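# Coordinate analysis (summary)
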Amino acid sequence: MSFFQQVPAMYKVSEPDQLVDHQQQLIGLFPGLFDSEEFSDLLLVVNSSLQIHTHRLLLVTQSSIFRTMLCSQHWPEAQQSTVHLTEDDQCLPHFQDFLRYFYTGTINITTASALPVCMLADKYHVTSLKKSCEGFMSENVGTPRMYNRAISWRKYGRLADRPELREACDKFIAWNMDTVISSPDWTSIDADDLHHLLKRSDLVVANEVSLLKAAVDWLTDHPEQTNDVLQNIRFPVMKPSELYQYQFSGIGDKSICSYVERKGTLTYQANSVDIKILSEHNNIPSAPFSVRLYKASDSGCPWQLENYSAQGKAPHQIRFTTKTLLAECTWSITFHPKGERVTMQFQRLNSYSGYCYTEEQIVTDTDNTVLIWRVENCSLDKSLHDHRLAVLLHTFHNGEWFVSAVKTFSSAGAENRVEDLIPQSERQQYVSNDTMRLHFIGQTEWKEYQPTAL
């Protein structure tokens, strides 16, 4: 019997092997080939100004469009060593980085480049890059004004049928108008989108004059739209002092200046004439007399809670005064940001000593963010109006606080109670750096005036 025949069956003879993985070294060779004449078999000329030396293999394996262009016998460019491409002007500055992605698999996306790169990825069917760009846009709609591209991204979301991106942009634009009207995109907003936007009553903005200024800025390049745009500005709810200062700051276009002068008359009337008299000649429940969500000091009050994690269940008191036309109201708010605990004290008699002592009992103990609000000292007849409280919830993103949710409550009586303003499951998204920020806005809603019959 040989030696090998004596090896027990429990031992299995096998051949040694080892996986040699130099994949990263191979991938590392590709970036050096980008825009290099060495081994290049194709020159791309973009918009007759940009020339890039490329390699067919890397293009056709990652883009079905390049594969069709460079491999199909039906395309004259297939056999040529130079191919001319025409790209959108906004895409041209980013085309080189887009093409480098074919060699490196990486690209740096910013708010300025996300949309152009996304358009190129969509055109050339580079699906993974397109999805990454769309994800970046959805996650970064909230950016400071100098970087904000919500208007352009919303347009892309509509045209490319990306409802999630469009909805995110719609909310951000409506609730952060002060950021949007100062962004690079503002003057490029489509006329139809601007008309639709200015009709909304849920816009969060400093005041109505801010919207007027923004509309006039847009009209600089579209003077033929003056009447159509400015008819959506709510002149009656402006403060006369703010409109007066703006009028005398200098409005360049004569037709715009004339329109503002004419409509401005209603601003001074609405803020000086008794509401009953005003309602006899105007439809005061209509849009021009309806307030938006103004962040000015005479419309509401900001509120911020620092060291949130260390806070107990103590209530916070907020008071502010609002003025709408000639109506002044004082708003009183009690807010429990960490929950509500209510105790009561009872006098007890010690039967042995005969002395009384005080005992405290917990009546209510909940983690709900209870909000209690009421309107005091309202100067108007109740038959003319109702009250509504709006609460703006903020999130911190890219170095700034932005409004990310709006909750409104109509008055149902002398005192109004919201059992859980911010449910526990949502609460953490509104806390950043151990800080929570809200903004309370008191609104007056007009009713149709019914004069008393004689």
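Source: prediction; values computed, not measured.

Attention now goes to the pairing of strand β2 (residues 50–54). Of the two faces of β2, the one holding Leu50, Ile52 and Thr54 is buried and the one holding Gln51 and His53 is not buried anywhere. As paired strands, strand β1 (residues 42–46) and β2 are joined by five bridges and run antiparallel to one another. Looking at the pairing, Val45 lines up with Gln51 of β2. Linkage of β1 to β2, two consecutive antiparallel strands, is achieved through a turn of three residues, within which Asn47 is found at a positive phi near 50°.

What follows deals with the pairing of strand β7 (residues 316–324). Residues of β7 alternate between two faces, with His316, Ile318, Phe320, Thr322 and Thr324 buried on one and Gln317, Arg319, Thr321 and Lys323 left unburied on the opposite face. Inspection of the sheet shows β7 paired to strand β8 (residues 327–335) by nine bridges, in the antiparallel sense. Bridged to Phe320 within β8 is Trp331. Taken together, β7 and the strand that follows it, β8, pair antiparallel across an intervening segment of two residues, in which Leu325 is found at a positive phi of about 55°.

Time to look at the packing of helix α11 (residues 208–219) against helix α13 (residues 240–247). Running from N to C, α11 and α13 cross one another at 25°; their axes reach a closest spacing of 10 Å. With respect to α13, the element α11 is oriented roughly parallel. Contact residues: α11 offers Val209, Leu212, Lys213 and Val216, while α13 offers Glu242, Leu243 and Tyr246. Of the residues in the contact of α11 with α13, the class split is five nonpolar, no polar and two charged.

The sheet built from four strands is open, its strands ordered β7-β8-β11-β14 with antiparallel pairing. Only two strands of the sheet have a single partner each, and these edge strands are β7 and β14 (416–418). Pairwise comparison of adjacent strand axes, ignoring direction, gives a mean angle of 20° for this sheet. Of the strand pairs in this sheet, β8 and strand β11 (residues 371–376) are connected by six bridges, and their pairing is antiparallel.

Moving on, we get to the sheet that holds strand β3 (residues 82–85). Pairing is mixed across the open sheet formed by three strands, whose spatial order is β2-β1-β3. Each end of this open sheet is capped by a strand with a single partner; those strands are β2 and β3. Across the sheet, the mean angle from the axis of one strand to that of its neighbour is 20°, orientation sign disregarded. Here four bridges tie β1 to β3, and the two strands are oriented parallel to one another.

What follows concerns the nonpolar core. Core analysis: the biggest nonpolar cluster contains 83 residues, and Phe66, Phe95, Trp186 and Leu212 have the highest contact counts within it. By residue number, the principal contributor to this core is α11, which donates eight residues. Setting aside its immediate chain neighbours within four residues, Trp186 contacts Ile151, Met177, Val180, Ile181, Leu194, Leu197, Ala214, Ala215 and Trp218. Within the second largest apolar cluster, 25 residues are counted, among which are Tyr308, Phe335, Leu371 and Val431.

The geometry of an aromatic ring pair comes down to the distance between the two centres and the angle between the two planes. With the rule as written, the count across this model stands at 16 aromatic pairs. With centroids separated by 5.3 Å and ring planes inclined at 70°, the aromatic side chains of Phe34 and Tyr103 adopt a geometry described as edge-to-face. Of this pair, Phe34 sits in the loop between α1 (23–27) and β1 while Tyr103 sits in helix α4 (residues 92–104), and the two are 69 residues apart along the sequence. We classify Phe34 as buried; its relative accessible area is 10%. When the centroid spacing of 5.9 Å and the interplanar angle of 35° are considered together, the rings of Phe98 and Tyr124 count as tilted. Separated by 26 residues along the polypeptide, Phe98 in helix α4 and Tyr124 in the loop between α5 (114–123) and α6 (127–139) bring together distant segments of the chain. Residue Phe98 shares its accessibility class with Tyr124, and that shared class is buried. Following the ring pairs from residue to residue traces out a cluster consisting of Phe66, Phe95, Phe98, Phe102 and Tyr124.

Reading guide: rules and limits
- Residues numbered from 1 in each chain as written.
- Predicted model: local features only at pLDDT ≥ 70, side-chain atom pairs only at ≥ 80, totals over all residues.
- Heavy atoms only, no water.
- Buried < 20%, exposed > 50% of the residue type's maximum accessible area, 1.4 Å probe, protein only.
- Helix = DSSP H or I, 4+ residues; strand = E, 2+ residues; numbered from the N terminus.
- Pairing = 2+ DSSP bridges.
- Axes fitted to C-alpha atoms, helices over the stretch in contact; angles between N-to-C directions.
- Parallel < 35°, antiparallel > 145°, perpendicular 65-115°, else oblique.
- Contact = heavy atoms within 4.5 Å.
- Nonpolar A, V, L, I, M, F, W, Y, C, P; charged D, E, K, R; others polar.
- Core = buried A, V, L, I, M, F, W, Y, C linked by side-chain atoms within 4.5 Å.
- Phe/Tyr/Trp six-rings, centres within 6.5 Å; stacked < 30°, edge-to-face > 60°.

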